[in-house]
Amino acid sequence: MKNSNFPSISIVGATGAVGKICLDILNERDYPVEKINLFASSRSAGKKIIYGSSEIIVKEATKNSFEDSDVVFISADSSVSLNLAPSAVESGALVIDDGSAFRMKEDVPLVVPEVNESDINFHKGIISIPNCTTTPLVMALDRLRRLSKINRIQATTYQAVSGSGSMAVSELHEQTKNILNNEEISKSVYPHQIAFSLIPQVDEFMPDGYTKEEHKMINETRKILHDNNLKISATCVRVPIYYCHSEVVSVDLEDEINVNEIIEVFRSASGIKLIGDGLNEDYPTPSFVQGKDEIYIGRIRKDSSNQKGINFWIVSDNLRKGAALNAIQIMDSSIKLGKIPKFR
Ligand SMILES: NC(=O)c1ccc[n+]([C@@H]2O[C@H](COP(=O)([O-])OP(=O)(O)OC[C@H]3O[C@@H](n4cnc5c(N)ncnc54)[C@H](OP(=O)(O)O)[C@@H]3O)[C@@H](O)[C@H]2O)c1
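In this text, all values refer to a predicted model and were calculated from it rather than measured experimentally. Numbering of residues starts from 1 in each chain and follows the order in which that chain's sequence is written. Owing to the predicted nature of the model, reporting of local features is limited to residues with pLDDT of at least 70; listing and counting of side-chain atom pairs is limited to 80 or more, with chain, interface and lining totals taken over all residues. Excluded from the side-chain calculation are hydrogens and water; included are all heavy atoms of the structure.

Bringing the packing of helix H4 (residues 134-144) against helix H6 (residues 212-224) into the picture now. Axis definition: a line fit to C-alpha positions, over the contact stretch in the case of helices; interaxial angles, taken between N-to-C directions, run 0 to 180 degrees. Secondary structure elements are defined from DSSP: runs of H or I of at least 4 residues count as helices, runs of E of at least 2 residues count as strands, and each element is numbered from the N terminus. Contact geometry for H4 and H6: axes closest at 10 Å, N-to-C directions at 45°. The pairing of H4 with H6 is recorded here as oblique in orientation. The chirality of how H4 crosses H6 is right-handed. In this structure, H4 uses Thr-134, Leu-137, Val-138 and Leu-141 to contact H6, whose residues at the interface are Lys-216, Met-217, Glu-220, Thr-221 and Ile-224. Lys, Arg, Asp and Glu make up the charged group, whereas Ala, Val, Leu, Ile, Met, Phe, Trp, Tyr, Cys and Pro make up the nonpolar group; the residues left over, Gly among them, are polar. For the contact of H4 with H6, the residue count by class is five nonpolar, two polar and two charged. Angle categories: roughly parallel below 35 degrees, roughly antiparallel above 145, roughly perpendicular from 65 to 115, and oblique for all the rest. Definitions for this section: a left-handed crossing has its near helix turned counterclockwise from the far helix by less than a right angle. A right-handed crossing has that turn clockwise. Any two residues having at least one pair of non-hydrogen atoms within 4.5 Å are treated as being in contact.

A few words on helix H2 (residues 78-90). By definition here, a helix of n residues has an expected span of 1.5 Å times n minus one. The end-to-end C-alpha separation of H2 is 19 Å, in line with the 18 Å expected for 13 residues at 1.5 Å each. In this structure, the buried side of H2 is in contact with strand E1 (8-12), strand E6 (71-74), strand E7 (94-97) and strand E8 (126-128). Note on H2: the residue one or two positions beyond its end, Gly-92, has a positive phi of about 100°.

Attention now moves to the side chain of Asp-142. Looking at the element boundaries, Asp-142 is found in helix H4. Each residue gets one of three labels from its accessible area relative to the maximum for its type: buried under 20%, exposed over 50%, partly exposed in between, using a 1.4 Å probe on protein chains only. Relative accessible area serves as the criterion here: at 5%, Asp-142 is assigned to the buried category. At 3.0 Å, the side chain of Asp-142 and the side chain of Arg-146 are in polar contact. Apart from the residues within four sequence positions on either side, Asp-142 is in contact with Glu-114, Val-115 and Leu-225. N or O atoms within 3.5 Å of each other form a polar contact, as long as, within protein, one can give a hydrogen and the other can take it, and as long as residues adjacent in sequence are counted only when both atoms are side-chain atoms.

Rendered as structure tokens:
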């Protein structure tokens, strides 16, 4: 049992897009911690990162890095999570993993606290956060299903390049400069030019013609909403903006629900915001939502081809609610529920 009242936190991937925002949020909130350890690959070992009034030196993450950690956030790729998470769990820490390595494992809760906080109770050392497009979608669907059974969902995404990490942000930046200067572009993160274009492919293709990202949205939504038979399909598109993912969502409900009731159910939800009534020009944009904690919903209207259908537009900051903020909220909920092994 620990003496300190505050958790000792480690962030693996502290130099990456999500890791940096995780540290920013802890700093903005003046989060009470015993200690923060920052880890990345050997390439970043020795780098200094400013945290509040102190400077933290980044260390190379190894299996022995987590002896004094209560909570380990892993924000690197799946191979890093698969390699490091088991040793962090063995040393008694709670791992909150941002990647896809464990999301669909039966004994790993996949959590958006506003929707399924109590799933934290069944963790065996690892809790995953969903994909950054799944999180806002399930927040909206969870509210709608309080009004009526959901029969079918179709979602189309417009995903910012920061969803592919900091290298992708640089690729969009460089290609934009190149094109404006009439220079050749180079590509390494994406298979096609992203600057001044769109790519209707996020992650690799699966045998059924969907991409892995689309599968993630479908399967993760079913897991979080505890409904394996939910009818849902998705199309994921990469767009040339730096931050915030947007989604067009069409939902067929079992009952005919008035738009005003839908506005009210979204307006009263924790973590969801509307601008004005969420109708007509009261819509959110990525540039407006960047840096905000809540997901924003707008363009709420009846489906003109189905009187029991509803269409709307969601924008959320993929690095905040789509990743780092959701992970920190999971830590808060785990503390509240007494589910951090070394910290009760
Ligand atoms: N970006 C998003 O919107 C988003 C949303 C939800 C979930 N996620 C997930 O979050 C994770 C991180 O994404 P990101 O966008 O932050 O990626 P990123 O910007 O590419 O950052 C990757 C981080 O992983 C570190 N890393 C690489 N190899 C490592 C190793 N062997 N040991 C320890 N650390 C290592 C990197 O350190 P170096 O600097 O030393 O290379 C860097 O800090 C991914 O699993 C992603 O799927 C991302």
